Every structure is written in C-alpha cells, then in structure tokens.
Amino acid sequence: MRKIEPGESGEAVVLHFSLVALAVLLIVSLPVWRWPDWWSGLLLIGAGIGGGAAQLAMTRAYSIHRAAPVTALSSLGIVFTHVVAIPVFGDIPT
C-alpha cells in the first residue's frame, strides 16, 4: 500500500476491491439466491457496513505502517471474534 502511486487513495482501493467482490459473488450466488427475511437483511447490512469500515481501517493501516506488524495484529481478529461471540450470541467455543 505504501508503494502505490501517490494519487491513489485507500478509499479507491477499497471501492475497487468491493466492486470486484460484489460482481464475482453476485455471479456465484445467482443460481441459489434466496431473499433474506427482514431481520437477516438488517444483519447483512450491518455486517456489510462493519466489513467496509474494517476494510478501510486495514487499508489505512497498511498504508502507514510496515506489513508484518499489521498482519500479526490483524490475526488477533479471530480471538476478538470468539471473545465477543460468547456474551453476544452465547456461543461457547468447543
């Protein structure tokens, strides 16, 4: 990220990534598409907003710091997900 052309912003990188992912996943999902109910739809929208914000944050982190420490810290996301899933969803890891 730090070596990308100076005129290319992190937001543009995230936008391009998101549009390509949308196109690919839309094509893959069309044969089995089902509309979600309203609650699932709200959860999907929340996941999309949260994922977009996280992608912006990670792109920014890679642009201002070396990749190795950022990658090591991003791996902690798995641990944080399990810690949050216990009280929020009652999900106990096995």
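Residues numbered from 1 in each chain as written. Predicted model: local features only at pLDDT ≥ 70, side-chain atom pairs only at ≥ 80, totals over all residues. Heavy atoms only, no water.

Enquirer: So what exactly am I meant to see when it comes to the environment of A54 here?
Expert: Along the chain, A54 turns up in helix α2 (residues 38–64). Residue class for A54 comes out partly exposed when judged on its relative accessible area of 39%. Placed 43 residues apart in sequence, A54 and E11 show a C-alpha to C-alpha distance of 12 Å. (Helix = DSSP H or I, 4+ residues; strand = E, 2+ residues; numbered from the N terminus. Buried < 20%, exposed > 50% of the residue type's maximum accessible area, 1.4 Å probe, protein only.)

Enquirer: Can you walk me through the environment of L25 in this structure?
Expert: Turning to its location among the elements, L25 is positioned in helix α1 (residues 10–29). L25 sits in the exposed class, given a relative accessible area of 57%.

Enquirer: Would you explain the packing of aromatic side chains in this entry?
Expert: The relation between two aromatic rings is expressed through the spacing of the ring centres and the mutual angle of the planes. Using the criterion set out here, one finds two aromatic pairs in the structure. Look at W33 and W35: their rings are 5.3 Å apart centre to centre, the planes differ by 90°, and that puts the pair in the edge-to-face class. When its relative accessible area of 43% is taken as the criterion, W33 is described as partly exposed. The exposed category is assigned to W35, whose relative accessible area is 75%. (Phe/Tyr/Trp six-rings, centres within 6.5 Å; stacked < 30°, edge-to-face > 60°.)

Enquirer: Help me understand the side chain of T59, please; the structure alone is not making it clear to me.
Expert: Among the secondary structure elements, T59 is positioned in helix α2. T59 gets classed as buried once you look at its relative accessible area, which sits at 5%. A distance of 2.8 Å separates a polar atom in the side chain of T59 from the backbone oxygen of Q55. (Polar contact = N/O pair within 3.5 Å; in protein donor to acceptor, adjacent residues only side chain to side chain.)

Enquirer: I would appreciate a short explanation of the environment of L26 in the present structure.
Expert: Mapping L26 onto the fold places it in helix α1. It is 27 Å that separates the C-alpha atoms of L26 and R60, two residues lying 34 residues apart in sequence.

Fair warning: the whole summary comes from geometry, so function is off the table for now.
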